[in-house]
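Structural characterization, general
The chain contents come next:
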Amino acid sequence: MTLSELYNRTAEFLGRKRLGQDMDNALLVRVTASYTECYADLKDDQLVTWASDGTVPNEIGPHLAALMAFNCLSSVHVSSELRDRIIAAFRIAKPNIRRLITPQYQTTDEAEDF
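Here is what the cut-offs are and how they apply
Residues numbered from 1 in each chain as written. Predicted model: local features only at pLDDT ≥ 70, side-chain atom pairs only at ≥ 80, totals over all residues. Heavy atoms only, no water. pLDDT = per-residue confidence, 0-100. Helix = DSSP H or I, 4+ residues; strand = E, 2+ residues; numbered from the N terminus. Phe/Tyr/Trp six-rings, centres within 6.5 Å; stacked < 30°, edge-to-face > 60°. Buried < 20%, exposed > 50% of the residue type's maximum accessible area, 1.4 Å probe, protein only. Salt bridge = Lys/Arg side-chain N within 4 Å of Asp/Glu carboxyl O. Arc of directions from axis to C-beta. Contact = heavy atoms within 4.5 Å. Axes fitted to C-alpha atoms, helices over the stretch in contact; angles between N-to-C directions. Parallel < 35°, antiparallel > 145°, perpendicular 65-115°, else oblique. Left-handed = near helix turned anticlockwise from the far one by under 90°. Nonpolar A, V, L, I, M, F, W, Y, C, P; charged D, E, K, R; others polar.

1. Section: the confidence of the model for the chain
One rule of thumb: low pLDDT means the predicted coordinates there are not for detailed reading. Residue-level pLDDT values for the chain average 89, and 88% of them are 70 or greater. Ranking the helices and strands of the chain by mean pLDDT puts helix α3 (residues 61-72) first, with 96, and helix α1 (residues 3-13) last, with 93.

Rendered as structure tokens:
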């Protein structure tokens, strides 16, 4: 997912952009700042596998958009119903990113002799 696609996804999450619409400049500035904040936070937690200006893995994109939308709530007016949905998505976004980034433990079928 390109950063442009991620920004659009975040704006759609916030109910501020529909398919085919352009994002207004003020929202683009806020969403871009939100990405920078979220990227730094995820990097501190060792949960990034992409460059800050690179392509975001597709499976991470929706969860990152939820984190970014939550960060924008203080400056973007949304309905209480949409706010509740964004908060719910935010609560599970980082654990889902952690699950997707962390390698899964695999057992061996054979008993090991020590």
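2. A short note on the packing of aromatic side chains
According to the stated counting rule, one finds four aromatic pairs in the structure shown. Judged by centre distance (5.9 Å) and plane angle (70 degrees), the ring pair of Y39 and W50 falls under edge-to-face. Of this pair, Y39 sits in helix α2 (residues 25-44) while W50 sits in the loop between α2 and α3; the two residues are eleven residues apart in sequence, bridging distant segments of the chain. Across this residue pair, the class does not change: Y39 and W50 are buried.

3. Here's the deal with the pattern of salt bridges
Per the counting criterion, the structure on display carries four salt bridges. Among the ionic pairs, E81 bridges to R85, the shortest N-O distance being 3.1 Å. Here E81 pairs with R85, and both are found in helix α4 (residues 80-101), just four residues apart, close to one helical turn. Take R85: its relative accessible area is 48%, and that puts it in the partly exposed class. Overlapping salt bridges, with partners in common, bring together D41, D45 and K94 in one network.

4. Here's the deal with α1
Taken as a whole, α1 has its buried residues at L3, L6, Y7, T10 and A11. One face of α1 carries all of its buried residues, which in axial projection span an arc of 135 degrees. Those residues of α1 that are buried are in contact with α2 and α3. Looking one or two residues past α1, G15 carries a phi angle of roughly 75 degrees, positive in sign.

5. Observations regarding the packing of α1 against α3
For any two helices packed against each other, the geometry comes down to the angle between their axes and how far apart the axes lie. Running from N to C, α1 and α3 cross one another at 55 degrees; their axes reach a closest spacing of 9 Å. Judged by the angle between their axes, α1 and α3 are oblique. As α1 packs across α3, the resulting crossing turns out to be right-handed. Contact with α1, carried on its side by L6, Y7, R9, T10 and F13, involves G61, P62, L64, A65, A66, M68 and A69 of α3 and no other residues of that element. Classifying every residue of the contact of α1 with α3 by side-chain character gives nine nonpolar, two polar and one charged.

6. A word on the side chain of T10
The topology assignment puts T10 in helix α1. T10 has contacts with V31, A65, M68 and A69, leaving out every residue within four places of it along the chain.

7. A look at unusual backbone geometry
Negative phi is the rule for most residues except glycine; trans is the rule for most peptide bonds. Backbone geometry at Q46 places phi at a positive 55 degrees, although glycine is not the residue there. Counting through the fold element by element, Q46 comes out in the loop between α2 and α3. Exposure remark for Q46: the relative accessible area of 69% places this residue in the exposed category.

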